[in-house]
Amino acid sequence: MVQELKPAIRDILKDSDMATVSAKSVRKKLEAINGCSYNDKKKEIDALIIEIYEAMQADEEESSDDQPLVSQKSNSTKPRDKNEEYEAYVMKPSPAKRKAASSKSKTDDAKPAKKKKTRNPSSTGRGAPNNGFMKPLKLSPAIQTLTRCEQDELPRPTIVKRIWEYIKEKDLQDPSDRRSIFCDDTMKAVFKIDRVHMFTMNKILNEELKAVADDQAAS
């Protein structure tokens with residue numbers, strides 16, 4: 001039943017500010033849409049929301065390269081190969097970005113600029129919002145090495161971002177299918193396989209992070 005909520009969760013996240021959205025806010029919107037309470041499935045739904053959020057973040061991270069947009073429409077009836085399909089998928093601007101850009105343009109035209117209030121991050125004891133997605137997570141030694149992090153904690157989006165930076169730096173994407181990623185020794189220490197698909201990478205990463213959290217709780 002929880003898996004059936006995937007399309008609705010993705011639609012909600014697409015229309016949300018990815019920098020401030022939380023699992024709780026998405027769950028509340030789901031309840032409002034479906035007219036029911038999900039308190040009895042809170043953990044499962046929150047885990048699914050985070051999984052989809054991270055997959056979308058990975059898509060945006062991969063599409064951040066400065067490359068020309070690939071048109072979704074084509075007059076040719078020739079099927080696209082895997083790389084063409086991949087480029088068309090990852091280079092499409094997310095609806096959230098298009099909506100944010102459109103809203104900002106309309107606001108700038110309609111209202112004079114207002115002076116924004118500044119808040120000292122030190123006054124809250126943290127430098128970034130801790131909204132569930134940005135909560136620092138304990139890293140295993142293997143993930144710490146892969147992300148080249150001196151600290152032993154990072155938020156999930158930052159972990160995913162740094163892994164993609166490593167993948168691009170080491171040129172680990174399969175040239176024949178860029179959705180498939182070769183695992184060198186550093187990657188293999190985390191994912192335990194010779195190659196990983198970009199859409200399953202976050203699932204394996206979540207399992208690794210959960211294992212670290214469980215070990216920490218047990219100790």
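First things first, this report covers the structure right here in the doc. Just so it is clear, the model here is predicted, and its values are computed rather than measured. (Residues numbered from 1 in each chain as written. Predicted model: local features only at pLDDT ≥ 70, side-chain atom pairs only at ≥ 80, totals over all residues. Heavy atoms only, no water.)

Re the overall build of the protein
The line we're drawing: Note on conventions: DSSP H or I runs of at least 4 residues are helices, E runs of at least 2 residues are strands, and numbering of each starts at the N terminus. Burial classes follow relative accessibility: with a 1.4 Å probe on protein chains only, a residue under 20% of its type's maximum area counts as buried, one over 50% as exposed, and anything between as partly exposed. The contact criterion used is simple: two residues touch if any of their non-hydrogen atoms lie within 4.5 Å. Exposure was quantified through the Shrake-Rupley algorithm and a 1.4 Å probe, taking into account, for residues, occlusion by the shown protein chains and nothing else.
On a plain count of helices and strands, the protein comes out with nine helices and five strands. Written out in order from the N terminus, the α and β elements of the protein read α-α-α-α-α-β-α-β-α-β-β-α-β-α. Burial statistics for the protein: of 219 residues in total, 36% are counted as buried. Within the protein, residue pairs in contact and separated by at least 24 positions form 51% of the contacts whose partners lie at least 6 positions apart. About 14,100 Å² of surface is accessible on the protein, with carbon and sulfur atoms providing 51% of the total.

Structural notes on the packing of helix α1 (residues 6-14) against helix α2 (residues 23-34)
Which entries qualify depends on this criterion: All axes here are fitted lines through C-alpha atoms, helices being fitted over the stretch that makes contact, and every angle between N-to-C directions spans 0 to 180 degrees. Roughly parallel refers to an angle under 35 degrees, roughly antiparallel to one over 145, roughly perpendicular to one between 65 and 115, and oblique to any angle outside these ranges. Helix crossings fall into two classes, left-handed where the near helix is turned counterclockwise from the far one by less than a right angle and right-handed where it is turned clockwise. Under the scheme applied, nonpolar residues are Ala, Val, Leu, Ile, Met, Phe, Trp, Tyr, Cys and Pro; charged residues are Asp, Glu, Lys and Arg; polar residues are all the others, including Gly.
Their axes nearest at 10 Å, the elements α1 and α2 cross at an angle of 120°. In terms of orientation, α1 and α2 fall into the oblique class. Of the two elements, α1 crosses α2, and the hand of that crossing is right-handed. Note on element contacts: α2 touches α1 through Val 26, Lys 29, Leu 30 and Ile 33, opposite Ala 8, Ile 9, Ile 12 and Leu 13. Counted by class, the contact of α1 with α2 contains seven nonpolar, no polar and one charged residues.

Some thoughts on the packing of helix α7 (residues 156-170) against helix α9 (residues 201-218)
Axis separation between α7 and α9 bottoms out at 12 Å; the angle between their running directions is 125°. By the criterion of interaxial angle, the relationship of α7 to α9 is oblique. The two elements α7 and α9 meet at a crossing, and its hand is right-handed. In this structure, α7 contributes Arg 156, Ile 159, Val 160, Ile 163, Trp 164 and Ile 167 to the contact, and α9 contributes Met 201, Asn 202, Leu 205, Asn 206 and Leu 209.

Some details on the pattern of salt bridges
Put simply, the rule is: Salt bridge, as applied in this entry: a Lys or Arg side-chain nitrogen positioned within 4 Å of an Asp or Glu carboxyl oxygen.
Applying the stated criterion to the full structure yields 10 salt bridges. Here Lys 28 makes a salt bridge to Glu 31, at a shortest N to O gap of 3.8 Å. Placement of the pair is Lys 28 and Glu 31 together in helix α2, with a separation of three residues, close to one helical turn. Across the pair Lys 192 and Glu 208 runs a salt bridge whose closest N-O atoms are separated by 3.5 Å.

Considerations on the sheet that holds strand β4 (residues 177-182)
To keep it simple, the criterion reads: At least two DSSP bridges between two strands are required for those strands to pair.
Taken together, the three strands give an open sheet; going across it, the order is β3-β4-β5, and neighbouring strands pair in antiparallel fashion. This sheet does not close on itself; its edge strands, each paired only once, are β3 (173-174) and β5 (195-197). Of the pairings in the sheet, the one linking β3 to β4 comprises two bridges and is antiparallel in character. The residue bridging Gln 173 from the neighbouring strand is Ile 181, located in β4.

Digging into α2
Quick reminder: α-helices carry 3.6 residues per turn. Residues three or four places apart thus point the same way. Our working rule: Each helix should span, by expectation, one fewer than its residue count multiplied by 1.5 Å. It is the directions from the helix axis to the C-beta atoms whose arc is reported.
Under the 1.5 Å per step criterion, the end-to-end length of α2 is 17 Å for 12 residues, consistent within 8% with the ideal 16 Å. For α2, every residue scored as buried is listed here: Ala 23, Val 26, Arg 27, Leu 30 and Glu 31. Projection of α2 onto a plane perpendicular to its axis shows the buried side chains occupying an angular sector of 145°, all on one side. Exposed residues pointing more than 90 degrees away from the buried face of α2 are listed as Lys 24, Ala 32 and Ile 33. A positive phi of about 65° marks Gly 35, the residue just after α2.

Notes on α1
Along α1, the residues classified as buried are Ile 9, Ile 12 and Leu 13. Within α1, the buried residues cover an arc of 95° as seen down the axis, which keeps them to one side.

Considering the side chain of Arg 179
As for its position among the elements, Arg 179 is in strand β4. Residue Arg 179 is classed as buried on the basis of its relative accessible area, which comes to 16%.

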